[in-house]
Amino acid sequence: MEDLLKLGERSYRSRLIVGTGKYKDFAETKKAIELSGAEIVTVAVRRVNITDPNKENLLDYLDPKKYTILPNTAGCYTAEDAVRTCRLARAAGIGNLIKLEVIGDDKTLFPDMPATLEAAKILVQEGFVVLPYIADDPITAKKLQDIGCAAVMPLAAPIGSGLGIRNPYNIRIIMEQARVPVIVDAGVGTASDAAIAMEMGCDGVLMNTAIAGARDPLLMAEAMRQAVEAGRKAYLAGRIPKKLYATASSPLDGMLA
Amino acid sequence: MVAVEDTVFLIHVKICINGEEKEVVDGLSIARLLEELQIRPARVVIELNREIVSRQAHGSTVLKEGDALEIVQFVGGG
């Protein structure tokens with residue numbers, strides 16, 4: 001049976017979701033996404049610069065027929081702003097999937113969980129497939145799941161920090177009680193961070209800066225694809241238990257003398 | 001007799017586009033405004049006074065004094 005990530009009504013082969021921010025240009029964005037193997041890409045909603053409307057548009061480089069576009073509510077500090085942004089995003093006609101983030105503080109970019117819950121309730125009622133960015137807080141994760149969110153996306157570490165999974169135990173608790181996919185969102189720094197998340201049994205990883213900010217974003221995109229795939233396979237294969245002492249790999253029988 | 005067109009003055013109305021105050025010709029539709037700004041309608045979403053205006057309604061929606069218009073698009077983000 002094929003191992004798929006199910007979000008809302010759709011299923012995906014890739015468990016890596018990538019952002020489109022911070023790249024040198026749209027051509028590099030496109031290449032990095034291709035190499036990452038991602039089928040879902042996040043985008044932000046912003047005002048058009050009307051005095052110099054950029055003739056090129058991100059969607060000229062990302063075919064919405066090929067990729068699932070996942071608009072985010074980055075930069076929103078209230079539930080009201082986040083809901084407004086989601087409605088605008090949906091009006092673009094690229095679907096119902098939304099990455100909900102309501103930011104609580106501009107230094108940490110940690111989410112405001114009560115405001116996230118408030119926005120999620122409204123959005124689920126309005127028929128959005130809501131993927132909320134959350135703190136590594138099992139209680140709120142459960143509440144969001146109960147509201148009807150299609151996944152929960154706990155942070156590994158602050159957005160763009162590259163610190164990796166700082167609290168694997170909370171992520172494990174979130175996974176234990178989850179009936180929806182758990183996607184680690186934010187804080188991944190390098191390939192091993194992504195692999196660790198997947199080896200733990202997370203359903204997916206979402207990242208942007210780790211790829212776009214690497215010295216060679218295209219090479220890192222490929223590394224992340226392989227890390228997520230390797231981590232997933234290792235999880236499915238079932239790792240050996242950790243032991244303090246050695247167990248010989250070669251037979252003890254038939255030794256000389 | 002003078003033709004009607006010759007006596008018509010172009011009346012302007014003040015509206016707010018993406019947070020900036022602008023003067024536009026009275027009777028201008030959203031579709032015409034986008035054309036003037038060289039913005040492709042398929043790539044943007046319009047909100048007029050906090051209500052989303054569907055693409056089909058761009059042609060029939062006329063801007064009035066005091067309107068607040070938002071023109072948004074998708075950009076790179078994480």
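Placed above this text is the structure.
Below you will find a few notes about this structure.

This brings us to the sheet that holds strand 7 (residues 129-134) of chain A. Residues and elements named next belong to chain A. Taken in spatial order, the three strands of this open sheet run 6-7-8, and their pairing is parallel. Single-partner strands in this sheet number two, and they are strand 6 (97-100) and strand 8 (153-154). Where strand 7 and strand 8 come together, two bridges link them in parallel fashion. The residue bridging Tyr133 from the neighbouring strand is Met153, located in strand 8.

Another aspect to go through is the interface of chain B and chain A. A common way to state how big an interface is: give the accessible area lost once the parts meet. At the interface, 25 residues of chain B touch 32 residues of chain A. Taken together, both faces of the contact between chain B and chain A bury some 2700 Å²; the carbon and sulfur share is 56%. Contact with chain A buries area across many residues of chain B, yet B:Gln73, B:Phe74 and B:Gly78 alone supply 28% of it, more than any other trio. Scanning the region where chain B abuts chain A turns up five salt bridges. Applying the counting criterion to the chain B and chain A interface returns 16 residue pairs in polar contact (both at pLDDT 80 or more). When contributions to the side of chain B that touches chain A are tallied by element, the ones reaching two or more residues are strand 2 (20-25), strand 3 (45-48) and strand 5 (68-76) of chain B. The leading source of residues in the side of chain B that touches chain A is strand 5 of chain B, at seven residues. The residue makeup of the side of chain B that touches chain A, split by class, is 10 nonpolar, seven polar and eight charged.

This part takes up the pattern of salt bridges. When charged atoms on two side chains of opposite charge get close, those side chains can pair. Overall, the coordinates contain 17 salt bridges over all chains when judged by the stated rule. Ionic pairing is found between B:Arg43 and A:Asp60, a salt bridge with its closest N-O pair at 2.9 Å. Pair noted here: B:Arg43 is in the loop between helix 2 (30-36) and strand 3 and A:Asp60 is in helix 2 (residues 58-61), and the two residues belong to different chains. Residue classification places B:Arg43 among the partly exposed residues on the basis of a relative accessible area of 25%. For A:Glu229, the salt bridge goes to A:Arg225, with nearest N and O atoms at 3.7 Å.

Looking now at a negative patch on the surface. All names here are of chain B. Together, Glu21, Glu23, Asp26 and Glu65 make up a region of like negative charge exposed at the surface. Turning to its location among the elements, Glu23 is positioned in strand 2. Judged by its relative accessible area of 53%, Glu23 is exposed.

So, on to the packing of aromatic side chains. Residue and element names in this part refer to chain A. Inspection of every chain in the model, using the stated rule, returns one aromatic pair over all chains. Summarising the aromatic geometry, the rings of Phe26 and Tyr61 are spaced 5.4 Å apart at their centres and angled 45° between planes, so their arrangement reads as tilted. Within this pair, whereas Phe26 is found in helix 1 (residues 26-36), its partner Tyr61 is found in helix 2, the two being separated by 35 residues in sequence. The class of Tyr61 is partly exposed, set by a relative accessible area of 23%. A cation sits over an aromatic face here: Arg90 above Phe128, 3.8 Å from the ring centre.

Inspection of the secondary structure assignment puts A:Lys99 in strand 6. One polar contact links the side chain of A:Lys99 to the main-chain carbonyl oxygen of B:Gly78, over a distance of 3.4 Å.

Rules of the game
- Residues numbered from 1 in each chain as written.
- Chains lettered and ligands numbered in written order.
- Predicted model: local features only at pLDDT ≥ 70, side-chain atom pairs only at ≥ 80, totals over all residues.
- Heavy atoms only, no water.
- Pairing = 2+ DSSP bridges.
- Helix = DSSP H or I, 4+ residues; strand = E, 2+ residues; numbered from the N terminus.
- Contact = heavy atoms within 4.5 Å.
- Buried area = accessible area lost by both parts, 1.4 Å probe.
- Salt bridge = Lys/Arg side-chain N within 4 Å of Asp/Glu carboxyl O.
- Polar contact = N/O pair within 3.5 Å; in protein donor to acceptor, adjacent residues only side chain to side chain.
- Nonpolar A, V, L, I, M, F, W, Y, C, P; charged D, E, K, R; others polar.
- Buried < 20%, exposed > 50% of the residue type's maximum accessible area, 1.4 Å probe, protein only.
- Patch = residues over 30% accessible without salt bridge, like charges linked within 9 Å, V, L, I, M, F, W, Y side chains within 5 Å.
- Areas by Shrake-Rupley, 256 points an atom, 1.4 Å probe, with all protein chains shown as cover.
- Lys, Arg positive; Asp, Glu negative; His and termini not counted.
- Charge placed at Lys NZ, Arg CZ, Asp CG, Glu CD.
- Phe/Tyr/Trp six-rings, centres within 6.5 Å; stacked < 30°, edge-to-face > 60°.
- Lys NZ or Arg CZ within 6 Å of the ring centre and 35° of its normal.

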